[in-house]
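# Coordinate inspection notes
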Amino acid sequence: MKKIIFLLSISFFISCNSNAQIKETSSSSKTKFPISKTDAEWKQILSKDQYHVLREAGTERPFSSPLNKNYEKGTYHCAACNTPLFKSEHKYDSKSGWPSFDREIKGNVAFEKDSSLGFYREEEHCANCGGHLGLVFNDGPKNTTGKRHCVNGNALKFIPTE
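Here is a short report on the structure shown in this document.

### Let's talk about the pairing of strand β1 (residues 74–78)
- Burial analysis of β1 places four of its five residues in the buried class, the great majority of the element.
- Across five bridges, the pairing between β1 and strand β9 (residues 156–160) is antiparallel. Bridging from a neighbouring strand, glycine 74 pairs with proline 160 of β9.
- Strand direction decides the pairing type here: β1 and strand β2 (residues 84–87), joined by three bridges, are antiparallel. Looking at the pairing, histidine 77 lines up with proline 84 of β2.

Here's what the structure looks like:
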């Protein structure tokens, strides 16, 4: 039984874990986005951790983002270009270690198939600047969309409702 729990735990963490998502930079994607900057320009406006996630498709450590346990009312914006991406009313605790949402703000998130691990995953980006946000899984709340948008906190900026 301990072996089964261990194997399930490992596979769960791989589903959103760090180096598994690293590939060529998001800015090298074939998709063109309305906001375009050079790597040097992105490095000037983003922290090292934000740059790693948003521009290099990296992933932060699970449970490291303060936004994971943020339950305030408001909107989650792209940390790179300030595009509103997710509403707090669609956030839930997936227990995955990353901020999770059951839906995005339509039109503000772009999706792309990623096969860098030898199987397909659905990667999501800011539709305005192309910044890597995270991955989408089909294990979200069944009573809503059934989707889990597993998003890096470093890709987000929280704007509380006034």
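### So, the packing of aromatic side chains
- Inspection of every chain in the model, using the stated rule, returns three aromatic pairs.
- Pairing tyrosine 76 with phenylalanine 101 gives two aromatic rings, centres 5.0 Å apart and planes at 70°, and the pair type is edge-to-face. Placement of the pair is tyrosine 76 in strand β1 and phenylalanine 101 in strand β4 (residues 100–101), with a sequence separation of 25 residues. For the pair tyrosine 76 and phenylalanine 101, a shared accessibility class is recorded, and that class is buried.
- The interplanar angle of 15° and the centroid separation of 4.4 Å between the aromatic rings of phenylalanine 86 and phenylalanine 101 together place this pair among those described as stacked. With phenylalanine 86 in strand β2 and phenylalanine 101 in strand β4, this residue pair connects regions lying 15 residues apart in the sequence. An identical accessibility class is assigned to phenylalanine 86 and phenylalanine 101; each is buried.

What counts, and at which threshold
Residues numbered from 1 in each chain as written. Predicted model: local features only at pLDDT ≥ 70, side-chain atom pairs only at ≥ 80, totals over all residues. Heavy atoms only, no water. Buried < 20%, exposed > 50% of the residue type's maximum accessible area, 1.4 Å probe, protein only. Helix = DSSP H or I, 4+ residues; strand = E, 2+ residues; numbered from the N terminus. Pairing = 2+ DSSP bridges. Phe/Tyr/Trp six-rings, centres within 6.5 Å; stacked < 30°, edge-to-face > 60°.

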